[in-house]
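# Coordinate analysis (summary)
Chain by chain, the residues run as shown.
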Amino acid sequence: MAPRRPAELYRAPFPLYTVRLHPRRPLAITAGGGGAAKTGIRNGVHFLQLEQIGGQLSASLLHCHDTETRATMTMALAGDVIAAGQDNSCHILRFSLQEPEAPGTAGKDGSGDKGARRRRGGSAGAQGGTQGRAREVRVESLQRVRTDFSPDALQKAVRFSADGALLATGGADGFLRLWEFPSMKKMLEFRAHDGEIEDIALGPDNKQVVTAGRDFQCCVWQQDQLVTGLRWHENLPGIPDKAYRYQACRFGAVEGSAGALRLYTVQVPHKRERRPPPCYLTKWDGKSFLPLLTRPCGSEVVSCLSISDSGTFLGLGTVTGSVAIHIAFSLQRLYYVKEAHGIVVTDVAFVPESRPGRELLGGHEAALLSVAVDSRCKLHLLPTRRSLPVWLLLLLCAGLIVATILLLQLAFPGFL
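We now turn to the structure provided with this report. None of the values given here were measured: they were computed from a predicted structure.

### Thoughts on the environment of Ala12
Structurally, Ala12 is set in the loop between strand E1 (7–11) and strand E2 (16–21). Assessed through its relative accessible area of 5%, Ala12 is described here as buried. Through-space distance from the C-alpha of Ala12 to that of His46 is 8.3 Å; in sequence the pair is 34 residues apart.

Here it is in structure tokens:
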């Protein structure tokens, strides 16, 4: 049975390029814009409060942070700090949530539309005043550092380390830059790829960094030393070296195995063809970087990848607007909605598996948010898979054995 069409959580007044969910708060942060072009399309970072209303997950707009002429294309989140990739720079923002002083006082600080809220499915023009006692979001700009120096400068990837002490950026110039956080002192800078860096993954111990580039390479680095280059297709005959390039890379935990680590990569065709070949997902050992499993994941070109906190699920978005969820163990597809957006999906993110996140799931096993150039943020719910407890399976097996013996005894008297 095909999944229901995903619910539209939110619609922004500009194209959306990135979304992140706070690990300890029921809060989603999404951003985008029209850039510097004088088209009248604004640029901003929107803060959405997530809550269960009537058994359904709903999103309300808490705050609009104006980014002037800069569209946010990439974003990383570490606690209450945002690293936003805007043009050739990384802007560091800190936000805080505050309860209003009293009912009816919201909007008196002169923030205009910054205190407005919008319920799920609301249009861009239906802003109005604050409903109820909405929390206020205050955003402070801390720093701005330039992270790309190519002629068409653009920061394409940004990632915080697990402990929040390190920030990695990569862009169109092919340079990987590592920054000490929060001082934003540059620790390391070197050319990692001949061409654009598509994605960055930081190991949990901050010792290794994985970069995926448009030069057909996916590299593992320790400091500025190349540890190894990944070769996903060496055990797959018939695939030429430059038929595919790496689109995304992410580290993930292994459910039920403390300390184990996996790396997941997405490979997409380098050239568009009338009959498009499949894209591929590959699972790697996160320490030896040997390939463990590779599976095709459809002929739609994958645009983005996300991994759930436990490492159980992989979320994929495509350039044709489709969204899929795969199980990490076998890379099997569990959920798929064709053209959920109808245009390129720019980012996907799982609802965190922390206590606030579990409260938002409403009995579902996982929830994935997707954003696209169509300005919409949509919700994808994965129903809880039905499974039998081990004791019941053992009981059924024992019953089956007894029934078989009895049937044999009836068919062949004296069998026992």
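There is more to say after this.
### A closer look at the pattern of salt bridges
Tallied over the entire structure, the rule returns 20 salt bridges. Arg94 serves as the salt-bridge partner of Glu140, at 3.8 Å between the closest nitrogen and oxygen. Highlighted residues: Glu140 in strand E9 (residues 136–146) and Arg94 in strand E8 (residues 89–98), separated in sequence by 46 residues. Judged by its relative accessible area of 43%, Glu140 is partly exposed. Close ionic contact of Glu189 with Lys186 constitutes a salt bridge, the shortest N to O distance being 3.4 Å. A single network of salt bridges, built from pairs that share partners, joins Lys156, Glu196, Glu198, Arg214 and Arg245.

### Let's talk about the packing of aromatic side chains
Within this structure, the stated rule accounts for seven aromatic pairs. Look at Trp232 and Tyr244: their rings are 5.3 Å apart centre to centre, the planes differ by 75°, and that puts the pair in the edge-to-face class. Of this pair, Trp232 sits in the loop between strand E17 (225–229) and strand E18 (244–253) while Tyr244 sits in strand E18; the two residues are 12 residues apart in sequence, bridging distant segments of the chain. Take Tyr244: its relative accessible area is 8%, and that puts it in the buried class. Ring-pair connections join several aromatic residues into one group, and the members of that group are Trp232, Tyr244 and Tyr280. In this structure, Arg333 is placed above the aromatic ring of Tyr336, and the distance from its NZ or CZ to the ring centre is 4.1 Å.

Rules behind the numbers
Residues numbered from 1 in each chain as written. Predicted model: local features only at pLDDT ≥ 70, side-chain atom pairs only at ≥ 80, totals over all residues. Heavy atoms only, no water. Helix = DSSP H or I, 4+ residues; strand = E, 2+ residues; numbered from the N terminus. Buried < 20%, exposed > 50% of the residue type's maximum accessible area, 1.4 Å probe, protein only. Salt bridge = Lys/Arg side-chain N within 4 Å of Asp/Glu carboxyl O. Phe/Tyr/Trp six-rings, centres within 6.5 Å; stacked < 30°, edge-to-face > 60°. Lys NZ or Arg CZ within 6 Å of the ring centre and 35° of its normal.

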